[in-house]
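Inside the fold
One letter stands for each residue in the lines below.
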Amino acid sequence: MKIDAFRFRHVGPFGADGIKVENIQPGLNVIAEHNERGKSSLLAALETVLFLPHTSWRGDAKRLKREDGTPVGQIDFTHYGQSYRLDKQFLSGKTAQLTNLSTGAVIAKKREAEEKLADMLGLHRDDKGPSGLLWVRQGDSMMAAEDDGQVASRLESELSTLVGGDRARAYLERAEAELSELLTATGRIKANGPLALAEDAFASLEAELETARQAQRDTRQSGQDLARIQAQIADLESDYDPKQEAKALEDARHALSQAQVADSQLAQKRAHLGRLKVESEQAQIRLTTYQSHVANLDKALADAERLRQEIAVFKDNKAGAQQALTNAAQALADLDDQHKALLQLDALKAVQDQLSVKNAALQSLNENLEQLEADISQRNALIEERDALPSISREQLDTLDRIAREQDQVEAEYRGIDARLLLTLQPGVTAKIGDESIPSGPVQIDATQTLEIEGAGHIRLDPADLRELDARQTDLNARLTALLTEMAVEDQQTALDAFRAREQLSTEISLINRQMAISAPQGHEALLNAKERLSQDIARLTDRIEQQPDIDMEHFDPHALARNLAKASGEKQAAQDTLNQIDRSLIQLEEKLGTQNRIIEQAEDTVRPDQRDAVSAKLIAAAATLAEQVRQAEDSLKSAEAQNQTDPEMLNARIQRLTDAARNRTQKLTDLRQEEAALIATRKASFEQRDPDAEVDRLEARQVTLAEEVRRHRRRANALTLLRDTLREAQSSLQARYTDPVKQELLPLLRMVIEDADIDLNENLGAEGLLRHGQTEEIARLSGGTREQIAILTRLAFARMLSRQGYPSPVILDDALVYADDQRRQRMFEVMNYVTRGSDPLQLLYLSCHERSTRELGGHVLNLQPWPESSSV
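Counting restarts for each chain: residues are numbered from 1 in the order of the written sequence. Side-chain atom pairs in this predicted model are given and counted only at pLDDT of 80 or more, local residue features only at pLDDT of at least 70, and totals for whole chains, interfaces and linings cover all residues. Just so you know, side-chain values use all the structure's heavy atoms and leave hydrogens and water out.

**What to know about the overall build of the protein chain**
For clarity, the threshold we go by: Segments assigned H or I by DSSP are reported as helices when at least four residues long, segments assigned E as strands when at least two residues long, and all are numbered from the N terminus. For each residue, the accessible area found with a 1.4 Å probe, counting protein chains only, is set against the maximum for its type, and the residue is called buried under 20%, exposed over 50%, and partly exposed in between. Here a residue-residue contact requires only that any non-hydrogen atoms of the pair lie within 4.5 Å. Methods summary: accessible areas were calculated by the Shrake-Rupley approach with a probe of 1.4 Å, and residue burial reflects only the protein chains presented.
Regarding its fold elements, the protein chain presents 18 helices and 20 strands. Burial statistics for the protein chain: of 873 residues in total, 37% are counted as buried. Contacts in the protein chain between residues at least 24 apart in sequence constitute 71% of all its contacts with a sequence separation of at least 6. For the protein chain, the accessible area works out to roughly 50000 Å², and carbon and sulfur atoms hold 49% of it.

In structure tokens form, the structure reads like this:
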């Protein structure tokens, strides 16, 4: 890269008049100006325009900011034989543009232009020049030369943005710092670090998830047990038939009666005893049957009463559930009203935002309209002022100038015709040429002069060619008079002033026209129409805002509203589910109560409480009488029993079996219903605490999130480890590759200043020790001037290395030789001239306030010139 020119306005000390430096040569260039002329500001402005994005204005650039206009910069440079121009404007109207000066084509604009410049010049930093080694601000010359990444990027392009110097060390320190938050120095997971905390949270969540899954399994098992028990109840109830059970028992008893009748046929007594026993047993059966009917009726009455009590309880629960449902519905309605109010408030805010935008646009439009009207007024005044001036063309001025030159030529020829006279005056006689008195003696006069002699007349020369001059003079005067009359002016100066005034006014009118075309490309009427439309929109939006009801939502939390809405909706659904369950239970209980009521209604009158005692006494007495008769008959039957082995116990066993089976079935149903009630209560308690399925789903989703977080931390630890190791390896490799080349360039330059000197450079190209006269001296013990010279020479050596590698970069020194003595300054000047000449010269720009000492530097002297806003390049 070679800088050809740069121009700035409204930065540092440079206001609207601006500053420009042009015709910068490839070799040594010198700007020698006194203090306060802005030399250091030139360097700061150059860095700002080249390397600071046009969209920002920060850091050191803030010191350059002025309040009298928009910062503007323009830099012309050459890159690989092509000429380019970079234009930048910051703050108001910020923009950037890169132009090919050879073709006039605009290559890129704005951010693309800055990226294109970075690609062309290989720049990777925006706070320094091509390298911290190459640009030296005032007072920084003694700082150690530190590579900022440009060396690495130039020598190792694949690592151009990651390795070398301060930036690589910053990346390495950052990688190590971030890695230390995850791992220890030995590579183990750091306690209480993000990775350790994530893994601990994941392990804790897995235990919690296993507990939730066990609760889920228990709940599902209880549901399966409940379904099994309810199926058993349904199976027992479906198989139970009281009529069949009574019929089976009656059949057994009938079989017993038949057996007894069969025995009575064997013998008279047996028959008599048998009849008595049958009658006795029938009496007992009637009594037992009666008692069974009484027990059945009592059970039906008890069951009916129990069912009525349960129905009453469920009805009370239903009332509570209905009230809960009403409350939940009311709460949900209130929250819905708040949600609607929130939506109205959001809509109102949106309208207010639109109104603010419209008002801002109207204000801007009014300002543009005012400016346009002011421009129109100013333009009309300028046009009126211009039209009041004489209309004079460039051709007329040229003709006027030619006449004036010809008149001057005639005057010169007049003065070329002269004669020498010897004047002798009588006492008291005077002579004059114009207002000058002439004494006696030799007099020299030309054809334009007249010698006046008092009282005698005058003398004029009259050579042969004087008449020709007179004729030419007369013709020129006539032509001049005619031209001045044509231009309506009195003299040539007036014509020139009028022409310049018209040109100036026309230029100002053109500028105003261009400004009007920019601010109002569609014209004044279009701005008025736009203003009318904006005013109508503002009025419409204002009406909408005024029509909105007042909503006090100052202390309202939209997130809490969303949570409350979800909660109220869930509570309403839960209340509705409870009410539905109660209704289903009531239907089942009322069906059972109807069954018991039918049993009660179908019961015989004899088992009712009002008739029960008389019927029971009668049946008991009859049974007792028959029993006595059987006893008496048995005494007489004893002898016959031996002959008759018929045993009615087998039939009695059958009767007992049927009776036991009925009892066992009843007990089984009771036990199953108790288990059913217990399981229902357990499941209800479980679901009231938390839905096991939902809890497992929530914890599993959380498990996925934590697992991803653990993987993310592990991936980050692996990436940081790889980045750290890569940076360390790349730095070690690259430092060895560019330190020696810079030292090879530095030694010849150093020995031009310090004879027989040698030097060691560290990894940052900083000097570690100076070897001379066989002894090594620490850099810290050297004089300020020597350290300053070594730092500058190192920068020049680095620049030469870059240039030889095909990446030439300008070197800029701002009063860099502050501490040099006269002899060393002379030698440093010789080095500067040496590196800026030859087959591969550096471009060096040397800025100094020491004008006298800089005269000995040589090089191409540059001047600071104004670059006003009206100028063009």
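**So, the packing of helix H8 (residues 394-416) against helix H9 (residues 466-487)**
Here is the rule we go by: Only C-alpha atoms enter the line fits that serve as axes; for helices the fit covers just the stretch in contact. Angles between N-to-C directions range over 0 to 180 degrees. The labels follow the angle: roughly parallel below 35 degrees, roughly antiparallel above 145, roughly perpendicular from 65 to 115, and oblique for the rest. Handedness of a crossing is defined here by the sense of rotation of the near helix relative to the far one, left-handed for an anticlockwise turn of less than a right angle and right-handed for a clockwise turn. Amino acids outside the nonpolar list (Ala, Val, Leu, Ile, Met, Phe, Trp, Tyr, Cys, Pro) and the charged list (Asp, Glu, Lys, Arg) are all regarded as polar, and Gly is one of them.
The N-to-C vectors of H8 and H9 enclose an angle of 155°; their axes lie 10 Å apart at closest approach. As the angle between them shows, H8 and H9 are arranged roughly antiparallel. In this structure, H8 crosses over H9, and the sense of that crossing is left-handed. Split into classes, the residues belonging to the contact of H8 with H9 amount to 11 nonpolar, six polar and seven charged.

**Brief notes about the side chain of Arg 502**
The topology assignment puts Arg 502 in helix H10 (residues 492-519). The residues contacting Arg 502, other than those within four sequence positions of it, are Arg 386, Asp 387, Leu 389, Pro 390, Ser 391 and Ile 392.

**Section: the packing of aromatic side chains**
Aromatic ring pairs are reported here in terms of the distance separating the ring centres and the angle at which the planes meet. Applied cut-off: Under the pairing criterion, centres of Phe, Tyr and Trp rings, with the six-membered ring standing for Trp, must be within 6.5 Å; the plane angle then separates stacked pairs below 30 degrees from edge-to-face pairs above 60, leaving the rest tilted.
Under the definition given, this model contains three aromatic pairs. Ring centres of Phe 829 and Tyr 846 lie 6.2 Å apart, and the angle between their planes is 85°; this geometry places the pair in the edge-to-face category. With Phe 829 in helix H17 (residues 822-835) and Tyr 846 in strand E19 (residues 844-848), this residue pair connects regions lying 17 residues apart in the sequence. Judged on exposure class, the residue Phe 829 and its partner Tyr 846 are both buried.

**What about the environment of Asn 296?**
Secondary-structure assignment places Asn 296 in helix H7 (residues 268-388). Residue classification places Asn 296 among the partly exposed residues on the basis of a relative accessible area of 43%.

**Brief notes about the sheet that holds strand E10 (residues 431-433)**
Using the following cut-off: DSSP calls a pair of strands paired once it identifies at least 2 bridges connecting them.
With respect to topology, four strands assemble into an open sheet ordered E11-E10-E13-E14, the strand pairing being antiparallel. The outermost strands of the open sheet, each flanked by one partner alone, are strand E11 (436-438) and strand E14 (457-459). Mean inter-strand twist for the sheet, computed between neighbouring axes without regard to direction, equals 30°. Pairing of E10 with strand E13 (residues 451-453), which is carried by three bridges, proceeds in the antiparallel orientation. From the neighbouring strand, Ala 431 faces E13, where its bridge partner is Ile 453.

**A look at the sheet that holds strand E1 (residues 2-9)**
The six strands lie next to each other as E2-E1-E4-E5-E6-E7, forming an open sheet whose pairing is antiparallel. The two strands at the open ends of the sheet, each matched to only one other strand, are strand E2 (19-21) and strand E7 (106-109). Across the sheet, the axes of successive neighbouring strands diverge by a mean angle of 15°, strand direction being ignored. One ladder, built from eight bridges, connects strand E4 (residues 72-79) with strand E5 (residues 82-89); its direction is antiparallel. For Asp 76, the partnering residue across the bridge sits in E5 and is Arg 85. Helix H1 (residues 39-51) contacts E1, E2, E4 and E5 of the sheet and is inclined by roughly 100° relative to E1. Contacts between helix H2 (residues 110-121) and the sheet are confined to E4, E5, strand E6 (95-100) and E7, with E6 contributing the most and set at about 50° to the helix.

**A word on the pattern of salt bridges**
Defined as follows: Every case where a carboxyl oxygen of Asp or Glu lies within 4 Å of a side-chain nitrogen of Lys or Arg is listed as a salt bridge.
For the structure shown, the criterion picks out 35 salt bridges. With a closest N to O distance of 3.3 Å, Arg 111 and Glu 114 form a salt bridge. Linking Arg 111 with Glu 114, this pair stays in helix H2, spanning three residues, or about one helical turn. Its salt-bridge partner being Arg 386, residue Asp 387 comes within 3.5 Å of it at the nearest N-O pair. By sharing partners, the salt bridges in this structure join Arg 7, Glu 22, Asp 76 and Arg 85 into a single network.

**Overview of H1**
What counts is decided by this rule: Given a helix with a known number of residues, its expected span is that number minus one, times 1.5 Å.
With 13 residues, H1 ought to run about 18 Å at 1.5 Å a step, and its terminal C-alpha atoms sit 19 Å apart, in line with that. For H1, the buried fraction is high: 11 of the 13 residues fall into the buried class. For H1, every residue scored as buried is listed here: Lys 39, Ser 41, Leu 42, Leu 43, Ala 45, Leu 46, Glu 47, Thr 48, Val 49, Leu 50 and Phe 51.

**Considering the packing of helix H16 (residues 784-804) against H17**
Running from N to C, H16 and H17 point in directions that differ by 5°, and their axes come no closer than 12 Å. With respect to H17, the axis of H16 lies roughly parallel. Counting all contacts with H16, which are made through Thr 786, Gln 789, Ile 792, Leu 793, Leu 796 and Arg 800, the residues of H17 involved are Arg 824, Met 828, Val 831, Tyr 834 and Val 835. Its residues assigned to classes, the contact of H16 with H17 shows seven nonpolar, two polar and two charged.

**With respect to the environment of Ser 180**
As for its position among the elements, Ser 180 is in helix H4 (residues 165-180). The spatial distance from the C-alpha of Ser 180 to the C-alpha of Gly 193 is 8.7 Å, given a sequence separation of 13 residues.

**A word on the nonpolar core**
The condition that has to hold: Nonpolar cores are built from buried Ala, Val, Leu, Ile, Met, Phe, Trp, Tyr and Cys residues. Side-chain atoms within 4.5 Å join them into one set.
Of all hydrophobic cores here, the largest spans 38 residues; its most connected members are Leu 793 and Leu 796. Among the secondary structure elements, those contributing two or more residues to this core are strand E3 (28-32), helix H15 (692-753), strand E15 (758-761), H16, strand E18 (811-814), H17 and E19. Of the residues forming this core, the biggest block, nine residues, is contributed by H16. With 36 residues, the next largest nonpolar core counts Leu 43, Phe 77, Leu 121 and Leu 864 among its residues.

**Points about the environment of Ile 229**
Mapped onto the secondary structure, Ile 229 falls in helix H5 (residues 194-239). Between the alpha carbons of Ile 229 and Arg 673 there is a distance of 8.1 Å; along the sequence they are 444 residues apart. Excluding residues that lie within four positions of it along the chain, Ile 229 makes contacts with Leu 672, Glu 675, Glu 676 and Leu 679.

**Focus on the side chain of Gln 473**
Operational definition: Under the rule applied, a polar contact is a pair of N or O atoms within 3.5 Å (in protein, one hydrogen donor and one hydrogen acceptor; residues adjacent in sequence only if both atoms are side-chain atoms).
Its location among the elements puts Gln 473 in helix H9. Among the polar contacts made by the side chain of Gln 473, one reaches the side chain of Glu 411 at a distance of 3.1 Å. Among all residues touching Gln 473, those that are not within four sequence positions of it are Gln 407, Val 410, Glu 411 and Tyr 414.

**Re the pairing of E18**
Applicable threshold: Looking down the strands as they point away from the viewer, one classifies a crossover as right-handed if the path from the first strand across the helix to the second runs clockwise.
Judged by which residues are buried, E18 turns out to be covered on both faces: Val 811 and Leu 813 on one side and Ile 812 and Asp 814 on the other are all buried. Each parallel crossover has a hand, and the one from E18 via H17 to E19 is right-handed.

**Focus: unusual backbone geometry**
With phi around 60°, Asn 23 is a residue other than glycine that occupies positive phi space. Of note, Asn 23 is situated in the loop between E2 and E3. What makes Asn 23 partly exposed here is its relative accessible area of 49%.

**Observations concerning the confidence of the model for the protein chain**
Test applied: pLDDT: the predictor's confidence for each residue, scored from 0 to 100.
On average, residues of the protein chain carry a pLDDT of 80, and 87% of them reach 70 or more. pLDDT under 50 marks residues 124-133. Its contacts with residues more than four places away, or in other chains, come to 36 contacts.

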